[in-house]
Amino acid sequence: MKLVLSIFGLAFAAQAAAVPNRPPLQPNAFYPLPLGSVKPRGWLLEQLRIQAGGLTGHIDEFWPDLSENSGWLGGSGESWERGPYYMDGLIPLAYLTGDQRLIAKARKWIDWTLDHQQPDGWIGPTKNQDWWPNYVVLKALAQYQEATGDKRVIPLMEKYFAYQAKHLDERPLKEWAVYRWHDEVLTVLWLYNRNGDKSLLDLARKLHAQGHDWEAQFADFRYREKIARQNGSNLATHGVNNAMAMKAAALWWLVTGDRADRENLSLMLENLDRFHGQPEGIFSADEHYAGRDPSQGTELCAVVESMFSLETDMAILGDAALGDRLERIAYNALPGTFTPDMWGHQYDQQANQIECSLSNRNWVNNGPASNIFGLEPNFGCCTANMHQGWPKLAASLWMATPDGGLAAVAYGPSEASAAAGDGTPVTIEETTDYPFRETIALSVRPAKPARFPLLLRIPAWAAGANAAVNGRALENIRTGQFLRIDRVWNAGDRVELRFPMPVRTSHWYNNSVAVERGPLVYSLKIGESWRKLKQTGPAADWEVFPTTPWNYALMPQSLEVKEKPLGRQPFSVEGAPVEITAKARRLPSWQAVDDSAGPLPVSPVTTKQPEETITLIPYGAAKLRITAFPWIAP
Ligand SMILES: [Zn+2]
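What this report covers is the structure whose coordinates are included nearby. (Residues numbered from 1 in each chain as written. Predicted model: local features only at pLDDT ≥ 70, side-chain atom pairs only at ≥ 80, totals over all residues. Heavy atoms only, no water.)

Examining the overall build of the protein
Helices and strands together make up the secondary structure of the protein, namely 18 helices and 24 strands. Computed over its C-alpha atoms, the radius of gyration of the protein comes to 24 Å, within 12% of the 26 Å expected for a compact globule of 634 residues. Its C-alpha atoms put the protein at 75 × 60 × 50 Å along the principal axes. Within the protein, counting contacts between residues at least 6 apart in sequence, those at least 24 apart form 72% of the total. For the protein, the exposed surface amounts to about 22,100 Å²; the carbon and sulfur share of it is 51%. The averaged location of the 70 negative side-chain charges in the protein is 3 Å from the averaged location of its 62 positive side-chain charges. (Helix = DSSP H or I, 4+ residues; strand = E, 2+ residues; numbered from the N terminus. Rg over C-alpha atoms; globule rule 2.2 N^0.38 Å. Contact = heavy atoms within 4.5 Å. Areas by Shrake-Rupley, 256 points an atom, 1.4 Å probe, with all protein chains shown as cover. Lys, Arg positive; Asp, Glu negative; His and termini not counted. Charge placed at Lys NZ, Arg CZ, Asp CG, Glu CD.)

Set out below in structure tokens:
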């Protein structure tokens, strides 16, 4: 190992090693590779470049809360969660794209935080007295440390956690910090795995003891309906808290080893799916649980936080189904709520979204601007927090296995570099237009022949999946599991995967159907008229009005796929790389209510309207859409 590292130099050593859990923590199924080990390629790199050229790369130039006046840069302005949220997404975007302009921006925030720890250990602006924003900045600093090896990070964390351990009894967690305790435990365990200081495990227990009992909430789930507006102050039903809490039970299992903790995540996901699930992979929350009606919304913060929680859960538990779920959110809900150029986003997205405009919709308690696209619709939390979605996905596509192998936990064009087997440096190049296409090619390049296992997630939907090594087909490929290929790998070895993507349908609210193909969900392409509401610096707020009808009932037996070229913006109406045509008939009784699609008729439905051919495009491309369709029986 040492010899290899000396040949490849320290830069490689800093990048190569995943850090395993230290006893008495339970072992992970997989270990995240340090930030920078997995690089985006192909369309995914282009997507990150679009993001860098959009709000993420420019917002600090004109949005006051992330300007030089931020408390997190020593100014007198916003001193709570927004600076840390921005760092948490800017850092991985900067280091994954290698964009020096972004790295310089990220360093400004990091350096201020590292240079301004108080003598007693407190971090961040002194104006902030809330434990919560510090959870986020610690997560951001951990990523930065992995990308750079900066020696200032770990001592800062050690001093801060010692301060917190001393003061938590007299100054316990309150409000948001109570419901998000796991987001600090994550970093407490990260540090413990690096320095072995057992007092950190006591701190983790203290945070857990003062935190909300998410496991009890899902062991006996009482919130089975849309939350009433007057109950919209209960932080247990808050969408973003729930999204963050998707990592709570798995993380806590690392500490306790208790089977009930390990199994609680599936209870959480089953309950959220059953009572609040939406076709694009996320649960409704506008701002609290909002039921299964596809005209309810989901906040962007809940989308990116669910993704990060699932990435964390995947590492800990190694369940292939978590990868399916992660891709469903990442390739549908995430792009569906941004403008194609990533200069605008929504606060709330709807599965059935027929108009994005200032309007008093049927949200639990969000405001009239919640579904317009823009800089700061409804509330600015997402404006600060949305940046982590794409880059953390890219960084998580590959993970290390405890026995020296590598695992593809989600798919996308990428290149992973790590030490494998006996420590041999290996690069795996993943060439694919997934999720738009069925094939994935892996080129495995160890520095010398090396034996290690390659674990490849076979999605549950991929019936008939094929895998071949150097042209030789493998047998017994099972869906919903990891395929393990344990062999001596030589430079130039090639693995080919094919995940067949026939069109399929799934059933949702009021027995509606959604059309799916591979990990993508498809939505009615509706003509869009974009009207600018206002300009703020280089960003603008937009309303979007439909120019074509939306109230169709689908004839699900008539679906046909047409692949189109994959361009620079696959998540745009014009650039959609796949279209599905279907037969449908208008349903005149289905009309808008409060500018949302009105009550979804229970299917099957009947209508005397003439048959038409409609076009479906990926959910992420359709900014106006019907996703949960009423349908006509054959
Ligand atoms: Zn938000």
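Remarks on the pattern of salt bridges
Evaluation of the coordinates by the stated rule reveals 40 salt bridges. With a shortest N-O distance of 3.2 Å, D115 and R152 are connected by a salt bridge. On the criterion of sequence distance, the pair formed by D115 in helix α5 (residues 100-115) and R152 in the loop between α6 (132-148) and α7 (153-167) is long-range, its members being 37 residues apart. Ionic pairing is found between E496 and R494, a salt bridge with its closest N-O pair at 3.1 Å. By relative accessible area, which is 39% here, R494 ends up partly exposed. One connected set of salt bridges, linked through shared partners, spans D60, E61, E68, R101, K105 and K108. (Salt bridge = Lys/Arg side-chain N within 4 Å of Asp/Glu carboxyl O. Buried < 20%, exposed > 50% of the residue type's maximum accessible area, 1.4 Å probe, protein only.)

Concerning the sheet that holds strand β2 (residues 38-40)
A sheet is described by the order of its strands in space; here 7 strands give the open sequence β2-β7-β8-β9-β14-β11-β12, paired in antiparallel fashion. Two strands in the sheet have a free side with no partner beyond their single neighbour: β2 and β12 (472-473). When β2 meets strand β7 (residues 414-420), the two strands line up antiparallel, connected through 3 bridges. Across the sheet, the residue bridging to P40 is S414, located in β7. (Pairing = 2+ DSSP bridges.)

Brief notes about the coordination of the zinc ion
Within the protein, E299 (OE), C301 (SG), C381 (SG) and C382 (SG) serve as the donor atoms for the zinc ion, at 2.0 to 2.3 Å. Angles of 93 to 122° at the metal separate the 4 donor atoms of the zinc ion, which places the site in the tetrahedral class. For the zinc ion, all donor residues lie on one chain, and their spacing in sequence is E-x1-C-x79-C-C. Pair noted here: E299 is in strand β3 (residues 297-299) and C382 is in helix α17 (residues 381-385), with a separation of 83 residues, a long-range link. Relative accessible area serves as the criterion here: at 2%, E299 is assigned to the buried category. Overall, C382 belongs to the buried group, its relative accessible area being 0%. (Donors = N, O, S within 2.8 Å, 3.2 Å for Na, K, Ca; no water. Tetrahedral: all angles 85-135°; square planar, octahedral: opposite > 155°, others 65-115°.)

Quick notes on helix α16 (residues 320-336)
With 17 residues, α16 extends 24 Å from end C-alpha to end C-alpha; this agrees with the ideal 24 Å at 1.5 Å per step. Along α16, the largest kink reaches about 30° and is centred on A330. Within α16, 15 of the 17 residues are buried, which leaves the element mostly enclosed by the surrounding structure. (Expected span 1.5 Å × (residues − 1). Bend = angle between axes of the 7 residues up to and from the residue.)

Things to note about the side chain of Q346
Along the chain, Q346 turns up in the loop between α16 and β4 (348-350). Here Q346 falls in the buried class, since its relative accessible area comes to 0%. A polar contact of 3.0 Å, which involves the side chain of Q346, links it to the side chain of Q353. A distance of 2.9 Å separates the side chain of Q346 from the backbone oxygen of N371, its partner in a polar contact. (Polar contact = N/O pair within 3.5 Å; in protein donor to acceptor, adjacent residues only side chain to side chain.)

Comments concerning the sheet that holds strand β20 (residues 552-563)
Backbone hydrogen bonds hold the strands of a sheet together, and the pairing may be parallel or antiparallel. Ordered by their spatial adjacency, 6 strands build an open sheet running β15-β16-β17-β24-β21-β20, and the pairing between neighbours is antiparallel. In this open sheet, the two edge strands, each paired with only one partner strand, are β15 (503-507) and β20. Direction aside, neighbouring strands of the sheet carry axes that sit 35° apart on average. As paired elements, strand β16 (residues 513-517) and strand β17 (residues 520-524) share 3 bridges and run antiparallel to each other. (Axes fitted to C-alpha atoms, helices over the stretch in contact; angles between N-to-C directions.)

Considerations on the side chain of R180
Following the sequence through the fold, R180 ends up in the loop between α8 (176-179) and α9 (182-195). Side-chain polar atoms of R180 contact the side chain of N241, separated by 2.6 Å. Residues contacting R180, with those up to four places away along its chain left out, are E81, Y85, W132, Y135, H238, V240, N241 and M244.

Regarding the nonpolar core
The biggest cluster of nonpolar side chains holds 209 residues, and the ones touching the most others in it are M157, W390, W398, L454, L456 and F499. Tallying contributions element by element places helix α15 (residues 300-317) first for this core, with 12 residues. Contacts of M157, omitting those with residues within four sequence positions, involve L138, L141, A142, T187, W190 and L191. (Core = buried A, V, L, I, M, F, W, Y, C linked by side-chain atoms within 4.5 Å.)

Concerning the packing of aromatic side chains
Taken as a whole and judged by the stated rule, the model has 36 aromatic pairs. Each ring, one from W43 and one from W390, has its centre 5.8 Å from the other, and the planes form 85°; the classification is edge-to-face. A residue pair is termed long-range when its members are at least 10 positions apart, and W43 in helix α2 (residues 42-53) and W390 in helix α18 (residues 389-396) qualify at 347 residues. The exposure class of W390 is buried, given its relative accessible area of 1%. (Phe/Tyr/Trp six-rings, centres within 6.5 Å; stacked < 30°, edge-to-face > 60°.)

Quick word on unusual backbone geometry
Note that the residue after P23, namely P24, is joined by a cis bond; omega there is 5°. For the bond running from D286 to E287, omega is 25°, close enough to zero to count as cis. We note that N378 has phi near 65°; this positive angle belongs to a residue other than glycine. Counting through the fold element by element, N378 comes out in the loop between β4 and α17. With a relative accessible area of 29%, N378 lands in the partly exposed category. Backbone geometry at N510 places phi at a positive 55°, although glycine is not the residue there. Among the secondary structure elements, N510 is positioned in the loop between β15 and β16.

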